[in-house]
Amino acid sequence: EAEGREDFEYIITIEPLVFLDPLLSAVGGVDGIVNGTVEVVEGSDLTLSCDGNSNNTASLEPIYQWFDDSGNDLTVIANEPPHNLVLNDISRDTSGEYVCRNTLDDNPEVRMTSVEVNVLYSPKVLSITPENTTLIEGSILTFNCSYDANPPPNVTWGQNMSSIDTSDSNFNIVTEETYSLLEVTFANINYSGVYGCSIDNGIPPSDGSEGVNIIVQVAPGPVFDLDAPSNDITSDSITLTWTLGFDGNADITSVNITYIATSNFDPPHFGSKIVPGQPTEYVIQDLQPLTTYEFTVAVLNNVSDVVGSSSEESMSAMTDPLVPGMPNITSLTPVSSTEL
């Protein structure tokens, strides 16, 4: 070696280009981005930010752009991260996938990261069926409450302004994302009333349906105040009077009267009468004098062929004795006192 000469060894390390998917963040969402999804309440503003995630030692110019799930570009190209997508006054139609695409100038690779925007909104009842309806005791009835809400709501069914007793075995409730069914498996008089559904998903305001009036037709109630006024009793007739009771939510069509002699007759004298309409009295004729009769009265309505008649009300009454009538004088013959 020449005197005074120094040798140097230079080591140059060139790091490879590390080009990764861009990083996303959100401002204005409920909890930020969680598992690739950001939730935001309808009417709010949301800002999605796309930032670089590369070791750009080659000083290549980055290119950022936002697209929707149909490939439509939503922003102009930006070279300085973070690149923001601002969504103002969000509606439910804004829900969907949003993609940030990142490229480097003169580098063929494309990196993309997507986020799902889930717009939450308050619930709205769309309809409740059936409408006001009348059914016969023993029928099966299914209500359908359909609604629109995100997230799916909690559904409460009510009858006559009180919550349905879910422990009642005659009620069966099935709730899905867009509808809820309430089935009444055996309708009786206790299930008449006004039904409705109310929904709440934590995003105000909650909502409720209009009331639906259900009438369950049953057998009519018995008569009351059944009587046989004494001044209307003769030797061969008895007049019965009564007051009609509950009609069973259906038109009363007739009153059925049966009677049987319980004294002074062997075999017993008996009979029956069907009195049409809605009578409150009837004269039973062709009875035997000085005889006790037992009468039963039952009411029928226009569904009694399915549900039966009312329970019977009974009473006893006796006809008057037969009183001989005045003699019928057809002629007079004069006689002298000596002939008597």
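See the structure above.
Student: Got a minute to help me understand the packing of aromatic side chains in this structure?
Tutor: Pairs of aromatic rings are described using the distance from one ring centre to the other and the angle between the two planes. A full pass over the atoms with the stated rule returns 6 aromatic pairs. Here Phe143 and Tyr195 contribute two aromatic rings whose centre-to-centre distance is 4.7 Å and whose plane-to-plane angle is 25°, an arrangement assigned as stacked. Taken together, the residues Phe143 in strand β12 (residues 141–150) and Tyr195 in strand β17 (residues 193–200) connect sequence positions 52 residues apart. Taken individually, Phe143 and Tyr195 each receive the classification buried, so the pair is uniform in this respect. Summarising the aromatic geometry, the rings of Phe171 and Tyr191 are spaced 5.2 Å apart at their centres and angled 85° between planes, so their arrangement reads as edge-to-face. Pair noted here: Phe171 is in strand β15 (residues 171–175) and Tyr191 is in the loop between β16 (179–184) and β17, with a separation of 20 residues, a long-range link. The class for Phe171 is buried, based on a relative accessible area of 11%. Among the aromatic residues, ring-to-ring pairing joins Phe143, Trp157 and Tyr195 into one connected group. Over the ring of Tyr121 we find Arg92, and its NZ or CZ is 3.8 Å from the ring centre.

Student: Would you explain the state of the cysteines in this entry?
Tutor: Every disulfide links exactly two cysteines, by a covalent bond between their sulfur atoms. Enumeration over the complete set of coordinates arrives at 2 disulfides. Covalently, Cys50 is tied to Cys100 through a disulfide, its sulfur atoms 1.9 Å apart. Disulfide Cys50-Cys100: torsion about the S-S bond near -80°, hence left-handed. You can see Cys50 sitting in strand β5 (residues 46–51) and its partner Cys100 sitting in strand β9 (residues 96–104), a full 50 residues away along the chain. A relative accessible area of 0% means that Cys50 is categorised as buried. One disulfide in the model links Cys145 with Cys197; its S-S distance is 2.0 Å. Looking along the S-S bond of the Cys145-Cys197 disulfide, the torsion reads about 65°, which is the right-handed sense.

Student: Can you walk me through unusual backbone geometry in this structure?
Tutor: Trans peptide bonds make up most of the peptide bonds, and negative phi angles are found at most residues other than glycine. Following Pro81, the chain continues into Pro82 via a peptide bond in cis, with omega recorded as -5°. Relative to the helices and strands, Pro82 is located in the loop between β7 (62–68) and β8 (83–87). Cis geometry marks the peptide bond from Pro204 to Pro205, where omega comes out at 0°. The backbone phi angle of Asp225 is positive, close to 60°, even though this residue is not glycine. Among the structural elements, Asp225 can be located in strand β20 (residues 224–227).

Student: Even after reading the chapter, I still don't get the environment of Ser230, so can you show me in this structure?
Tutor: By secondary structure assignment, the location of Ser230 is in the loop between β20 and β21 (238–243). Spatially, the C-alpha atoms of Ser230 and Met318 are 9.3 Å apart, while their sequence positions differ by 88 residues.

Student: I keep staring at the side chain of Ser237 and nothing clicks. Help me out?
Tutor: Structurally, Ser237 can be placed in the loop between β20 and β21. Of note is the side chain of Ser237, whose polar atom sits 2.7 Å from the side chain of Thr234. The residues touching Ser237, leaving out its near neighbours within four places in the chain, are Asp232, Val283, Ile284, Gln285, Leu287 and Thr319.

Student: Whenever I open this one, the pattern of salt bridges confuses me. Can you help?
Tutor: Side-chain pairing between opposite charges can occur once the charged atoms of the two side chains come close. Tallied over the full model, the rule gives 2 salt bridges. A salt bridge links Asp148 to Arg92, with the nearest nitrogen and oxygen atoms 3.2 Å apart. Taken together, the residues Asp148 in strand β12 and Arg92 in the loop between β8 and β9 connect sequence positions 56 residues apart. Several salt bridges converge on common partners, so that one network encompasses Glu42, Arg92 and Asp148.

Student: Is there a simple way to explain the layout of surface pockets in this structure?
Tutor: Empty space among the atoms becomes visible once a probe the size of a water molecule is rolled across them. Considered as a void within the structure, the largest pocket measures approximately 230 Å³ in volume. Taken together, 15 residues line the largest pocket, and the ones lying closest to its centre are Gly158, Met161, Tyr195, Gly196 and Cys197. Among the elements of the structure, β13 (154–159), β14 (162–163) and β17 are those that each provide at least two residues to the lining of the largest pocket. With 5 residues, β17 is the largest single contributor of residues to the lining of the largest pocket. Taken together, the residues of the lining of the largest pocket sort by class into 4 nonpolar, 10 polar and 1 charged.

Quick notes on the rules
- Residues numbered from 1 in each chain as written.
- Predicted model: local features only at pLDDT ≥ 70, side-chain atom pairs only at ≥ 80, totals over all residues.
- Heavy atoms only, no water.
- Phe/Tyr/Trp six-rings, centres within 6.5 Å; stacked < 30°, edge-to-face > 60°.
- Helix = DSSP H or I, 4+ residues; strand = E, 2+ residues; numbered from the N terminus.
- Buried < 20%, exposed > 50% of the residue type's maximum accessible area, 1.4 Å probe, protein only.
- Lys NZ or Arg CZ within 6 Å of the ring centre and 35° of its normal.
- Disulfide = S-S within 2.5 Å.
- Polar contact = N/O pair within 3.5 Å; in protein donor to acceptor, adjacent residues only side chain to side chain.
- Contact = heavy atoms within 4.5 Å.
- Salt bridge = Lys/Arg side-chain N within 4 Å of Asp/Glu carboxyl O.
- 1 Å grid on protein atoms, 1.4 Å probe; cavity = no way out; pocket = protein on both sides within 12 Å on 5 of 7 lines; lining within 4 Å.
- Points joined across faces, edges and corners; volume = space filled by probe spheres on them.
- Nonpolar A, V, L, I, M, F, W, Y, C, P; charged D, E, K, R; others polar.

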